[in-house]
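Structure assessment
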Amino acid sequence: MKKQKRPPLAKKYIVRNILILVLSAVVLVAGSGCIYVDNLMSKGNFVADSTIVSTPITASTVDSGTKYNSSGANQVNGLLKDEAITNILLIGVDDYQKDDPIGRSDSMMLISLDNRHKKLKLTSFMRDTYVAIPNNGSNKLNAAYHFGAYDVIENGKAQAGDVTSVNAGAQLCIQTMELNFGMDIDRYVVVKDSAFDDVVGILGGVDVNLTAREAAFINQYSGAGCTLEEKDGVQHLDGAQAHYYGRIRDDSVKNVFGHVNDEGRAERQRAVVTSVVNKFKTSDLNKISQLASGVLPKVITNFSRDEIYGFLMQAVTIMNYPIKQSQIPAVGNYTTPKITIGGEPAYIVQITSNKKVVSDALTFIYENDKPDVSSIGLAATANTADSAAETSTAKSTADSTDTTGNGE
């Protein structure tokens with residue numbers, strides 16, 4: 001009997017089978033990827049319980065296609081909150097000093113992932129800003145982290161630099177910023193001092209616009225050797241150079257905007273972060289893997305792993321947003337008087353108009369999609385120079401000033 005010819009497979013079945021094969025491949029790759037990412041996440045330090053954050057962040061929070069319930073920011077417990085904007089506080093800690101293992105929040109930058117206006121916003125806080133710190137009177141903003149960590153260490157509940165003390169420091173830092181400036185801060189990421197060099201190094205360095213004076217200071221004090229040309233212009237910095245550049249606040253060293261001291265320092269830090277973000281955009285998987293493996297052990301955060309997975313799903317969208325920058329307090333809205341803190345003389349950044357600094361900060365983050373902010377974030381004791389808190393000798397290590405010298 002003649003062998004019958006097999007009838008042609010219907011087109012819909014061909015399409016179906018191809019889809020099955022493709023989906024199977026995606027599942028296999030995704031499965032392997034999840035195992036790989038989970039392995040990387042295991043290197044991080046995740047705070048299991050956060051006393052500030054009660055609303056979980058999900059993948060939809062950072063999904064630019066989400067149809068949000070509100071048309072903008074609303075007041076929630078006295079703070080402005082927009083479900084389409086995720087505010088993440090990045091804290092750099094100077095925990096390298098032998099006489100102060102707790103450290104201070106050497107740099108504080110709010111990263112706002114704004115899916116309503118499709119922007120990535122960087123707000124740097126001047127660390128010497130004189131503010132009200134809950135249960136600690138008025139002091140420099142960078143002291144809040146120290147005070148929070150100090151309290152749990154003093155009570156025997158933690159040791160300097162462990163997850164518990166870092167979390168306590170970050171929480172008080174967040175409470176202080178929310179009290180004084182009125183924005184709801186969703187999460188924090190604390191980066192220990194030694195991690196910064198690793199980030200820049202793994203990414204192959206960063207390109208930053210320098211003045212000749214800055215280049216000379218980096219050559220002299222960064223420990224990286226005299227490798228920079230001491231002239232104005234864009235130069236390539238390695239990890240140690242970029243790290244030191246972001247810490248310069250000498251009153252004789254102007255940056256490319258002509259600013260010195262804490263203002264110049266904040267602008268330098270934003271320049272480095274912007275360059276890092278741009279480098280990250282063009283990094284391949286291998287480099288990102290190296291970055292995660294090298295840096296995660298030196299990072300402590302109150303993000304959950306699931307939340308980070310959600311962000312990874314939207315990373316391409318977020319990283320392509322244009323970057324906008326701001327500073328608290330803004331130029332022209334502060335003075336730099338010398339007062340006594342903890343029995344020692346110290347220069348501070350004194351906000352001129354609390355109402356204006358809050359309005360400017362909230363308008364930058366939420367733009368015009370917000371209610372009236374005239375009564376938000378106005379702490380009664382904030383920025384009043386004659387209400388400086390007299391703290392214990394141990395605590396006052398957070399108040400030391402370094403307005404001269406090599407800029408650290």
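Our subject is the structure that appears above.
These notes cover the structure that comes with them.

Here is what the cut-offs are and how they apply
Residues numbered from 1 in each chain as written. Predicted model: local features only at pLDDT ≥ 70, side-chain atom pairs only at ≥ 80, totals over all residues. Heavy atoms only, no water. Axes fitted to C-alpha atoms, helices over the stretch in contact; angles between N-to-C directions. Helix = DSSP H or I, 4+ residues; strand = E, 2+ residues; numbered from the N terminus. Parallel < 35°, antiparallel > 145°, perpendicular 65-115°, else oblique. Contact = heavy atoms within 4.5 Å. Nonpolar A, V, L, I, M, F, W, Y, C, P; charged D, E, K, R; others polar. Buried < 20%, exposed > 50% of the residue type's maximum accessible area, 1.4 Å probe, protein only. Polar contact = N/O pair within 3.5 Å; in protein donor to acceptor, adjacent residues only side chain to side chain. Expected span 1.5 Å × (residues − 1). Core = buried A, V, L, I, M, F, W, Y, C linked by side-chain atoms within 4.5 Å. Left-handed = near helix turned anticlockwise from the far one by under 90°. Pairing = 2+ DSSP bridges.

**Some details on the packing of helix H4 (residues 195-202) against helix H8 (residues 285-295)**
- Here H4 crosses H8 at 170°, and the two axes come no closer than 10 Å. Of the possible angle classes, the one that applies to H4 and H8 is roughly antiparallel. Contacts between H4 and H8 involve Ala-195, Asp-198, Val-199 and Ile-202 from the former and Lys-287, Gln-290, Leu-291, Gly-294 and Val-295 from the latter.
- In terms of residue class, the contact of H4 with H8 is built from five nonpolar, two polar and two charged.

**Remarks on unusual backbone geometry**
- Cis rather than trans, the peptide bond between Ile-328 and Pro-329 has omega equal to -10°.
- Here Pro-329 shows up in the loop between strand E13 (323-328) and strand E14 (334-335).
- With a phi angle near 55°, Asn-77 is a residue other than glycine that sits in the positive phi range.
- Along the polypeptide, Asn-77 turns up in the loop between strand E2 (74-76) and strand E3 (79-81).
- Take Asn-77: its relative accessible area is 79%, and that puts it in the exposed class.
- The phi angle at Lys-118 is positive, at roughly 55°, despite the residue not being glycine.
- Within the element layout of this structure, Lys-118 appears in the loop between strand E5 (105-114) and strand E6 (119-125).

**Quick look at the environment of Asp-262**
- Examined against the element boundaries, Asp-262 turns out to sit in helix H7 (residues 261-281).
- Residues Asp-262 and Arg-247, spaced 15 residues apart in sequence, show a C-alpha to C-alpha distance of 9.2 Å.
- Among residues more than four places away in sequence, those in contact with Asp-262 are Met-126, Arg-127, Asp-128, Arg-249 and Val-349.
- Reaching out from Asp-262, the side chain makes a polar contact with the backbone nitrogen of Asp-128 at a distance of 3.0 Å.

**Description of helix H3 (residues 163-181)**
- With 19 residues, H3 extends 26 Å between its outermost C-alpha atoms, agreeing within 8% with the 27 Å of an ideal straight helix rising 1.5 Å per residue.
- In terms of residue burial, H3 counts as a mostly covered element, since 15 of its 19 residues are buried.
- Looking one or two residues past H3, Gly-182 carries a phi angle of roughly 85°, positive in sign.

**Comments concerning the nonpolar core**
- In terms of nonpolar packing, the biggest core is built from 43 residues, with Leu-89, Phe-125, Met-177, Phe-181 and Met-183 touching the most fellow members.
- If you list the elements that add at least two residues to this core, you get strand E4 (85-93), E5, helix H2 (143-154), H3, strand E9 (187-192) and helix H11 (354-366).
- Setting aside anything within four residues of it in sequence, one finds Phe-181 in contact with Phe-125, Val-131, Ile-328, Ile-351, Val-357, Val-358, Leu-362 and Gly-377.

**A word on the packing of H2 against H3**
- Interaxial distance between H2 and H3 falls to 7 Å at its minimum, and their mutual angle equals 140°. Classified by the interaxial angle, the pair formed by H2 and H3 is oblique. Read as a crossing pair, H2 and H3 show a hand that is right-handed. Contact with H2, carried on its side by Ala-144, Tyr-145, Phe-147, Gly-148, Ala-149, Val-152 and Ile-153, involves Thr-164, Ser-165, Val-166, Ala-168, Gly-169, Ala-170, Leu-172, Cys-173 and Thr-176 of H3 and no other residues of that element.
- Its residues assigned to classes, the contact of H2 with H3 comprises eleven nonpolar, five polar and no charged.

**Looking at the pairing of E6**
- Taken across its seven residues, E6 has six buried, putting it largely inside the fold.
- The pairing of E5 with E6 spans seven bridges and is antiparallel. Residue pairing across strands places Ile-111 opposite Leu-122, the latter belonging to E6.
- Between the end of E5 and the start of E6, which pair antiparallel, lie four residues, with Lys-118 showing a positive phi angle near 55°.
- By the bridge criterion, six bridges tie E6 to E13 in an arrangement that is parallel.

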